[in-house]
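Listed below are the residues making up each chain.
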Amino acid sequence: MKTRAPARTSGIMLILLPLLAVLQPTTAQKNGIDIYSLTVDSRVSARFAHTVITSRVVNRADLMQEATFQMELPKKAFITNFSMVIDGVTYPGNIKEKAVAQEQYHAAVARGESAGLVRATGRKMEQFQVSVSVAPAAKVTFELVYEELLQRHLGAYELLLKIRPQQLVQHLQVDIHIFEPQGISFLETESTFLTNQLVDALTSSQNKTKAHIRFKPSLSQQQKSSEQQDTVLDGSFIIRYDVNRTLSGGSIHIENGYFVHYFAPEGLPTMPKNVIFVIDTSGSMSGKKIQQTREALMKILDDLNPKDQFNLIIFSSEATQWKPSLLPASAENVNEAKNYAASIQARGGTNINQAVLNAVKLLEESNRAELLPSGSVALIILLTDGDPTVGETNPSRIQENVREAIGGQFSLFCLGFGFDVNYAFLEKLGLENGGLARRIYEDSDSALQLQDFYQEVANPLMTAVAFEYPSSAVETVTQDKFRLLFKGSEMVVAGKLRDQGPDVLLAKVSGRVNKQNFTFQTESRVAEKEEEFQSPKYVFHNFIERLWAYLTIQQQLEQMVSAPDAEQQALKNQTLSLSLKYNFVTPLTSMVVTKPEGQNQSQVAEKPVEGGSRHKDLPSGVGHTVFRSHHVVDSGARIIGGGAAEALLTGRGGVSGQAGFRKKLTSFPTMTELLGPPLAPAPPPFHHHTQLTLSNVVLATAATASGPAPTQAPHAILPLPGQSVDRLCVDFRHSQGPVNLLSDPDQGVEVTGEYEKKKDQFSWIKVAFKDPLLQVQAFPEHVVVIQNQRSSAYKWKKTLFLVIPGLKMTMDEAGLLLLSSPHKVTIGLLSWEGPGAGLRLLLRNTDRFSSHVSGLLGQFYQNLLWEPPAAADDSKRTLRVQGNEYTATRELKLDYQERPPGTEISCWRVEL
């Protein structure tokens, strides 16, 4: 029996997350724990991701050290294995029923042994941790495995890997293999740490059905500089992709007697919708919440289809209906609704019951009056931030009232704003009525979260969707009936084939599209489909059987939320049985990890319920290195027999946690490295003369007495093609409201902005590209990128490296965002904080503009004519372009294009 002598220990933290899991082994060799190998292997076979993280560490100190393995993973992922290998001995994880594991855990707590509770850390993640003491010179291998079915969101699947080793790692490698027999339609990468110096460490290959992304940086590439031993690897690596689709019955994949059927047909027309927005305006919504709600409503109302009908209900202590009936989404009605939304204020209590029932009543009356167009879809979208406090306040009674009133006719979607809301109540309310619930996290991008959710349900394609398979071929299937199919999403059905079934699997998908019934049919030859997954070496085999089990468990957990009490126990028994059979850590099971004898600390990592307190659930020091020293007593107490202490990893389903703003970062090469020497305009040479007058002397004396006035940064810096020395510095003084800054149809780019004369700054600048179809909108607080109706917010001064076909986006730590392409003009955006703070615009590679460029700034690239300087003052010139005449003055301006605080340059200043 091994024993451990008392020793002084110091703690070290490892955080892992691939595909939405964070890997953060802590700081480094000077503290003894050296991570000499870190590998991530993610294999995605037909949307099902199997991920293995392996971290190898050694204790190079002469003291025993405690290493804490902490990991974050997607809330819908299931851990399937976790093990440690210490000095050649493997300590495996074992899946047990939660109640059994909890009994052992509570018994350990009762004996006075310490317990660590680890909960959710953000919007999509949850955490567990295991600690182990490492003897001097001893090696430990941690291996974690988890699986997840990637869900299609607004037209794309996303794999997210966060890499935070916090030290240089001799062998660091990330491999992502994707195999999609349907064919990969697009693939894009994004990183929050990648720089031009690290690009060589990233390789990507792709053919019709396969993709392989590898990241393998050398030690020198990981190093911040030759003088520093710190690593540059600290951030996210994201892969987004989609598959080829047709207007058909979908795609069926078969392996080892199981099948999965994906259905997301292309080419279907969007069905008109009747939507009622039910908005909480109680006192708790005051301040930023109501401001962001108004902002989101403005955008959502603009996105309504002219064929849609809509209304607004705002509620606090009482519910108020904007109009007596649903109105068509005409430009006039939308503008009137926006004016109404702009005026809503937050005060009073929270009467959810009355507000939702009023919405149901409005839809029922419209339906009876035949005012709901045939083939349309009726939706209620509820946004609230608190518990019901006025009227009916019993959640169960409200759920019963709403369920009876809706009666399966309409779909209710519930958005819970912040953490004061009773999320479990909203979740049941949504699931019982053909919808779902989502949490809106309090952060600077809350309005974008609301808009993104609306985009998910903005384009219904089919209703009453049903999948049908011959009973002679299929033994069992997951959920096969769905109320609504939305554009950008996907329906998934998995099942088990009969042993002696037919050679051909026939599948039918039926539903209503607009006013008519549609039936899609597809046939799949079982033997041919089986062969698809037999040859590729990187396919994780038996994945479809595991996918079927995964999907069944997820759906049963969802059914348990709204199932009657009589059915819940049966669902629970079925889910538990599958969880144990397939070795999944689910809300009903726990993983017991055996640790070396004598290490009797017990720890529990739970899948927290969505809606728990973020303050209570968050562990201290999340995302930071934690060192702690204590004496370890060689106690004979053990949690589980066999002379070994054990840690419990348990699940409870869902996620709660602190709101996390979506960050996408990377450091950025210098301008010269990326673009080459800047193109700078130079009018014909001139001789500068200084005229000394009494007024000049007086002004100079005054400036000296009070200190020189700071040099200002212009609103835009424009290099002009064909000139080599100077630039044009443009200031906006007379423009007001939204303006067209430049437009070039041949380049497929348009830049607009809104200048506020009183503040002397732009409130926003928007860059729109046609190919790829993408918009980048800069605000003083953050940048928003919109692609395929999907919005992503990025904070300024956070590095970014995004490569999509036809465009590269980079932002450095100074906050300079560059949008570049090999054959297009480079556009730069910056939230400047120096003198004359505000949004700034700059251009590079302006020789690529076509002859069709236009706009307030674009006009200067159209046959610009410089008039000769006046003999008395050669610091002024006249510019003529497209019939307009401007005075250009030679001045000192602050160049904001490099790192703060900027440098003074002499340029020609023009006011617009």
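Above this note sits the structure.
Quick caveat: nothing in here was measured; it's all calculated off a predicted structure. (Residues numbered from 1 in each chain as written. Predicted model: local features only at pLDDT ≥ 70, side-chain atom pairs only at ≥ 80, totals over all residues. Heavy atoms only, no water.)

Colleague: What is the right way to look at the sheet that holds strand β7 (residues 89-91) in this model?
Modeller: Within a sheet, each strand pairs with its neighbour through backbone hydrogen bonds, oriented either parallel or antiparallel. Ordered by their spatial adjacency, eight strands build an open sheet running β7-β6-β11-β4-β3-β13-β16-β15, and the pairing between neighbours is mixed. Looking along the sheet, the strands with just one partner apiece sit at the ends: β7 and β15 (202-206). Looking at each pair of strands side by side, their axes are set apart by 10° on average, direction ignored. As defined by bridge partners, strand β3 (residues 33-45) adjoins strand β13 (residues 171-179) across nine bridges and the pair is classed as parallel. For Thr39, the partnering residue across the bridge sits in β13 and is Gln173. Against the sheet, helix α10 (residues 543-562) makes contact with β3, β4 (48-59), β6 (78-86) and β11 (139-149), and its axis sits at roughly 70° relative to β11, the strand it touches most. (Pairing = 2+ DSSP bridges. Helix = DSSP H or I, 4+ residues; strand = E, 2+ residues; numbered from the N terminus. Axes fitted to C-alpha atoms, helices over the stretch in contact; angles between N-to-C directions. Contact = heavy atoms within 4.5 Å.)

Colleague: Sorry if this is basic, but what is going on with helix α3 (residues 288-302) here?
Modeller: Given 3.6 residues to a turn, an α-helix orients residues that are three or four positions apart in the same direction. The end-to-end C-alpha distance of α3, which contains 15 residues, comes to 21 Å, matching closely the 21 Å that a straight helix rising 1.5 Å per residue would cover. Looking at the packing, one finds that the buried side of α3 touches β22 (273-280), β23 (309-315), α4 (331-342), β26 (377-384), β27 (411-417) and α8 (446-457). (Expected span 1.5 Å × (residues − 1).)

Colleague: What is the right way to read the pattern of salt bridges from this model?
Modeller: Oppositely charged side chains can form a pair if their charged atoms are brought close together. The final tally for this structure, using the stated rule, is 34 salt bridges. Across the pair Arg164 and Asp234 runs a salt bridge, and its minimum N-O distance is 3.5 Å. Taken together, the residues span a long stretch of sequence, with Arg164 in the loop between β12 (157-163) and β13 and Asp234 in the loop between β18 (228-231) and β19 (235-243) at a distance of 70 residues. Under the relative-accessibility criterion, Asp234 is labelled partly exposed at 46%. Among the ionic pairs, Asp895 bridges to Arg727, the shortest N-O distance being 3.4 Å. Placement of Asp895 in strand β54 (residues 884-895) and of Arg727 in the loop between β39 (716-718) and β40 (728-731) is noted, with a sequence separation of 168 residues between them. Arg727 matches Asp895 in its accessibility class, with the two residues each being buried. Through salt bridges that share partners, Asp731, Arg733, Asp760, Glu891, Lys893, Arg909 and Glu911 make up one connected network. (Salt bridge = Lys/Arg side-chain N within 4 Å of Asp/Glu carboxyl O. Buried < 20%, exposed > 50% of the residue type's maximum accessible area, 1.4 Å probe, protein only.)

Colleague: Which parts of the structure should I look at to understand the pairing of strand β20 (residues 251-255)?
Modeller: A regular strand places its side chains so that they alternate between the two faces of the sheet. Taking burial as the measure, the five residues of β20 include five buried ones, the bulk of the element. Relative to strand β21 (residues 258-263), β20 runs antiparallel, the two being bridged by five bridges. Bridge pairing in β21 links Glu255 to Tyr258.

Colleague: Looking at this structure, how should I read the state of the cysteines?
Modeller: Each disulfide consists of a covalent bond between the sulfur atoms of two cysteine residues. Under the counting rule described, the total for this entry stands at one disulfide. Bridging Cys729 to Cys907, the disulfide has an S-S length of 2.2 Å. Taking the sign of the S-S torsion, about -120° here, the bridge from Cys729 to Cys907 comes out left-handed. A residue pair is termed long-range when its members are at least 10 positions apart, and Cys729 in strand β40 and Cys907 in strand β55 (residues 903-911) qualify at 178 residues. Given the relative accessible area of 0%, Cys729 is considered buried. (Disulfide = S-S within 2.5 Å.)

Purely spatial values, then, with no claim about function.
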